[in-house]
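Coordinate inspection notes
What follows is the residue order along each chain.
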Amino acid sequence: PAPEAAMPEPPAPSAADEALLYGMLIRQIRRRTKLTQIAFTRRYAIPLGTFRDWEQGRAKPDATARTYLALIAKAPETIAALIGD
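Residues numbered from 1 in each chain as written. Predicted model: local features only at pLDDT ≥ 70, side-chain atom pairs only at ≥ 80, totals over all residues. Heavy atoms only, no water.

Take the nonpolar core next. Among the nonpolar cores identified, the biggest contains 13 residues, and Phe40, Tyr44, Ile46, Phe51, Trp54, Leu69 and Ile72 are the most heavily contacted of them. The set of elements that each furnish at least two residues to this core consists of helix H1 (15-33), helix H3 (48-55), helix H4 (63-74) and helix H5 (76-82). It is H4 that contributes the most residues to this core, 3 residues altogether. When residues no more than four places from it in sequence are discounted, the contact partners of Ile72 are Ile29, Phe40, Tyr44 and Ile79. (Core = buried A, V, L, I, M, F, W, Y, C linked by side-chain atoms within 4.5 Å. Buried < 20%, exposed > 50% of the residue type's maximum accessible area, 1.4 Å probe, protein only. Helix = DSSP H or I, 4+ residues; strand = E, 2+ residues; numbered from the N terminus. Contact = heavy atoms within 4.5 Å.)

Let us look at the pattern of salt bridges. Following the criterion strictly, the structure yields 5 salt bridges and no others. The shortest N-O distance in the salt bridge between Glu55 and Arg30 comes to 2.8 Å. On the criterion of sequence distance, the pair formed by Glu55 in helix H3 and Arg30 in helix H1 is long-range, its members being 25 residues apart. Given the relative accessible area of 4%, Glu55 is considered buried. Arg30 gets classed as buried once you look at its relative accessible area, which sits at 11%. (Salt bridge = Lys/Arg side-chain N within 4 Å of Asp/Glu carboxyl O.)

Below, the structure is given as structure tokens:
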């Protein structure tokens with residue numbers, strides 16, 4: 001039998017595509033909390049302009065922010081209580 005041809009690796013997403021993907025994920029997190037952008041950023045102490053840039057895909061959150069957002073996604077009420085909301 002002939003060896004199978006190796007599948008080419010798909011190209012890595014561009015920085016812009018990655019930022020748009022994070023934006024969609026962040027919007028989903030916020031919508032699950034049923035909060036507006038302003039309420040979400042106040043509750044979780046995130047600068048509004050920074051959050052809007054993330055949600056609209058103009059910027060990608062750094063590793064620390066991604067971890068924080070992942071924690072919010074898993075336990076929004078617990079995180080809000082821990083930071084004093």
